[in-house]
2 protein chains.
Amino acid sequence: MAAAFNEFELIDWIQSRCPVPPHDLLSIGDDTAVVPPQPGRELLLATDMLMEGTHFTFPPATPELAGRKALAVNLSDIAAMAGEPHSALVSLALPRSRGADFAKAVMQGLIDLAKEYRTEVIGGDTNSWEGPLVINVALLGTAPQTKSIMRSSAHAGDWIFVTGELGGSLASHHLTFTPRVREAAILKETVSLHAMIDISDGLASDLQHILTESGMGAVIRSQQIPISQRVSSELSAAERLQKAVSDGEDFELLFTVSPEEGQRLLEQNPLAIPLTHLGEITSEEGAFLEKEDGSLIPLERTGWQHQL
Amino acid sequence: MAAAFNEFELIDWIQSRCPVPPHDLLSIGDDTAVVPPQPGRELLLATDMLMEGTHFTFPPATPELAGRKALAVNLSDIAAMAGEPHSALVSLALPRSRGADFAKAVMQGLIDLAKEYRTEVIGGDTNSWEGPLVINVALLGTAPQTKSIMRSSAHAGDWIFVTGELGGSLASHHLTFTPRVREAAILKETVSLHAMIDISDGLASDLQHILTESGMGAVIRSQQIPISQRVSSELSAAERLQKAVSDGEDFELLFTVSPEEGQRLLEQNPLAIPLTHLGEITSEEGAFLEKEDGSLIPLERTGWQHQL
């Protein structure tokens with residue numbers, strides 16, 4: 001049976017799991033969290049709300065994985081700016097019927113990932129209700145001033161790269177993916193990143209954000225797209241490609257660099273994961289997929305599979 | 001009938017209602033919001049999640065008032081630290097059946113209040129689902145370094161003050177209350193504030209937070225408690241007092257100052273609202289209510305009414 005709990009007991013429990021933060025913060029227990037000035041660094045603020053039934057279901061998710069994902073998607077946003085995560089605020093609407101152990105498991109999954117990324121949980125808001133689990137994380141990150149990597153800085157002729165592999169995340173990977181925070185930091189040290197985004201809605205959708213914000217177009221070569229082994233091998237080649245282009249929640253980094261820097265990345269990949277040159281940014285608007293025979297079709301999130 | 005809408009259209013609409021921010025921020029549209037360094041100022045971070053059915057119901061709430069309240073409770077937290085609100089991230093779980101106009105009304109209520117407090121909506125996350133409305137606001141504020149007013153700084157002998165009037169907020173005032181941001185700023189300029197908190201759970205509960213964090217006790221005089229006219233006049237005197245002590249969501253400021261500073265506040269109230277000297281901080285732990293006859297009873301959130 002679910003044990004009864006109250007908000008203050010849960011806060012005490014959370015606090016006991018969060019050692020004195022390394023950032024010299026005031027911890028949980030005042031009206032707001034307090035973070036000292038971050039001289040010379042701009043502040044990055046991300047937030048995501050995850051709802052049971054929409055962003056995860058039990059099963060296959062566990063409460064730990066739901067908590068983990070709520071932080072992970074925000075870490076991925078900080079990664080997309082090549083920032084460093086700093087501290088998190090966690091708001092919960094907890095299903096009353098599931099009790100205290102469920103609530104603690106959600107927070108444990110979140111706190112475990114926070115520790116991996118040197119991120120402190122510095123505050124939040126806990127509530128219970130008759131509805132399903134809702135978790136909101138607001139994540140503070142930092143970056144050297146004016147060094148955040150925006151979506152709007154793609155240049156004509158840039159090479160387009162993606163980390164890792166794409167497609168098939170929704171089966172389970174979306175609960176366990178690795179936010180590419182370290183990879184973004186290494187890339188930023190190695191090359192001059194132009195535009196960057198994390199792939200949450202799918203390659204086609206998220207590339208479009210870069211193109212819209214930058215006022216550019218792009219050509220992606222179908223043969224270059226790194227299709228994940230998570231995509232069922234029982235599908236046709238065209239179906240597999242469509243999944244890699246259209247599936248959401250891969251949380252890989254999509255970025256652009258100059259051709260010279262791109263060449264360097266191809267010669268020596270500084271990451272421990274694949275890095276793929278997908279295509280190029282063009283000055284003419286519109287996103288296109290270049291087929292094996294060299295012909296171009298519009299790169300759309302859906303509806304182009306029959307053209308392959 | 002509710003009009004259909006999608007996330008991107010709603011974001012565009014929100015963006016069109018948020019003019020270029022005065023803080024030199026990057027606006028909505030990248031992976032994270034970006035705020036420039038705030039030299040010499042510490043960062044205050046508050047978050048609150050409001051759920052339909054728990055924190056408001058329709059009616060008597062309107063979507064505008066629900067959005068307003070979601071920001072107002074966070075502004076009140078920043079006020080309790082004597083900070084300045086800066087910028088907000090807004091996450092929504094929108095009931096799909098209620099459509100686009102409902103979503104816009106929620107945001108309009110929030111944005112209207114944000115403008116009053118020179119606070120910019122700089123990012124967020126919009127979702128729709130079959131569940132009730134959930135709104136999470138994460139609010140960034142700032143204060144001169146080490147000048148935030150904590151709960152933990154009450155001294156023995158301090159006079160305890162409260163702004164405004166208490167009790168009866170849950171009938172409707174909780175949807176329309178004024179966050180005491182300006183009042184906190186004036187108080188901070190006028191006197192040396194020791195401890196401060198906003199009254200969200202009720203005078204008895206929130207005073208206890210100050211006492212626990214400060215390791216102190218307190219005596220409150222029952223005759224001094226400013227009972228709001230919102231509390232029904234049909235109740236007995238004891239019932240009215242209990243409501244003023246125990247009702248939540250007044251969002252007034254409860255604070256302590258030295259007796260000398262307290263005397264100055266009594267002689268010349270710098271605020272346009274009532275300011276009441278309720279009692280004193282004591283070095284012995286425990287919170288007590290001093291009755292008219294001078295006897296003391298424990299100040300508890302509930303269960304003491306029969307002793308009056």
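Look up: the structure comes first, before these words.
In this text the structure is predicted, and so the values were computed from the model without any measurement.

Each value, and the rule that gives it
- Residues numbered from 1 in each chain as written.
- Chains lettered and ligands numbered in written order.
- Predicted model: local features only at pLDDT ≥ 70, side-chain atom pairs only at ≥ 80, totals over all residues.
- Heavy atoms only, no water.
- Contact = heavy atoms within 4.5 Å.
- Buried area = accessible area lost by both parts, 1.4 Å probe.
- Salt bridge = Lys/Arg side-chain N within 4 Å of Asp/Glu carboxyl O.
- Least-squares fit on C-alpha atoms with pLDDT ≥ 70 in both.
- Helix = DSSP H or I, 4+ residues; strand = E, 2+ residues; numbered from the N terminus.
- Buried < 20%, exposed > 50% of the residue type's maximum accessible area, 1.4 Å probe, protein only.
- Polar contact = N/O pair within 3.5 Å; in protein donor to acceptor, adjacent residues only side chain to side chain.

Enquirer: Which parts of the structure should I look at to understand the interface of chain B and chain A?
Expert: Put simply, an interface is often sized by how much accessible area is lost when its parts join up. Taken together, the contact pairs 57 residues of chain B with 57 residues of chain A. Summed over both sides, the interface of chain B with chain A buries roughly 4,200 Å², with 64% coming from carbon and sulfur. Between chain B and chain A we count four salt bridges in total. Between B:Asp30 and A:Arg151 there is a salt bridge, and its shortest N-O distance comes to 3.9 Å.

Enquirer: So what exactly am I meant to see when it comes to the relation of the copies chain B and chain A here?
Expert: Look at the two chain copies: a rotation about an axis and a shift along it is all it takes to match them. Taken as rigid bodies, chain B and chain A are interconverted by a rotation of 180° and an axial shift of 0.0 Å, the fit giving an RMSD of 0.0 Å. Both copies are brought into coincidence by an operation consistent with a two-fold rotation axis.

Enquirer: I would appreciate a short explanation of the side chain of A:Ser91 in the present structure.
Expert: As for its placement among the helices and strands, A:Ser91 is situated in strand E3 (residues 84-95). Look at A:Ser91 and you get buried, because its relative accessible area is 0%. At a separation of 3.3 Å, a polar atom in the side chain of A:Ser91 contacts the side chain of B:Thr47. Setting aside residues up to four positions removed in sequence, A:Ser91 forms contacts with A:Asp125, A:Val134, A:Ile135, A:Asn136, B:Thr47, B:Asp48, B:Met49 and B:Asn136.

Enquirer: Help me understand the environment of B:Ala114, please; the structure alone is not making it clear to me.
Expert: Relative to the elements of secondary structure, B:Ala114 occurs in helix H3 (residues 99-116). When residues no more than four places from it in sequence are discounted, the contact partners of B:Ala114 are B:Leu71 and B:Thr119.

Enquirer: Which parts of the structure should I look at to understand helix H7 (residues 237-246) of chain A?
Expert: Along an α-helix, a turn takes 3.6 residues, which lines up residues three or four apart on a common side. For H7(A), every residue scored as buried is listed here: A:Leu241, A:Gln242, A:Ala244, A:Val245 and A:Ser246. Among the structural elements, helix H6 (203-214) and strand E11 (286-290) of chain A are those in contact with the buried residues of H7(A).

Geometric descriptors of this kind do not, in isolation, establish any biological role.
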